[in-house]
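Here are the chains, one letter per residue:
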Amino acid sequence: MSRNPEEPVYNRIEEARAALGLSRQDLADKAGVHYQTIGYLEREEYSPSLVLAIRIAKSLNQEVSELFSLTPFKKGK
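Below: a short report on this structure. Since this is a predicted model, take the numbers as computed values, not measurements.

Basis of the calculations
- Residues numbered from 1 in each chain as written.
- Predicted model: local features only at pLDDT ≥ 70, side-chain atom pairs only at ≥ 80, totals over all residues.
- Heavy atoms only, no water.
- Helix = DSSP H or I, 4+ residues; strand = E, 2+ residues; numbered from the N terminus.
- Buried < 20%, exposed > 50% of the residue type's maximum accessible area, 1.4 Å probe, protein only.
- Polar contact = N/O pair within 3.5 Å; in protein donor to acceptor, adjacent residues only side chain to side chain.

**Some thoughts on the side chain of asparagine 11**
Locating asparagine 11 in the fold gives a position in strand S1 (residues 10–11). For asparagine 11, a relative accessible area of 9% translates into the label buried. Reaching out from asparagine 11, the side chain makes a polar contact with the backbone nitrogen of isoleucine 13 at a distance of 3.0 Å. A polar contact is formed between the side chain of asparagine 11 and the backbone oxygen of leucine 41, at a distance of 2.6 Å.

This is how it looks when you write it as structure tokens:
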């Protein structure tokens with residue numbers, strides 16, 4: 001039995017982080033992860049667990065649905 005490839009998770013972490021003037025390290029410290037994890041997420045090389053998505057959203061004063069999506073975000077939104 002084969003598994004389907006994982007569905008990509010798109011995000012707006014970098015835009016939200018930059019709007020708050022936070023570095024990757026700042027966000028990582030707030031979310032309790034390594035700064036490289038934030039980089040992987042921003043480049044969409046890694047999909048966060050639900051718990052991590054909630055911690056990141058809280059750290060950025062956003063709702064999870066504002067930061068993460070299964071469909072690509074429109075540019076400029």
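**A closer look at the environment of leucine 50**
Within the secondary structure, leucine 50 sits in helix H4 (residues 50–59). Separated by 14 residues in sequence, leucine 50 and valine 64 have C-alpha atoms that sit 9.2 Å apart.

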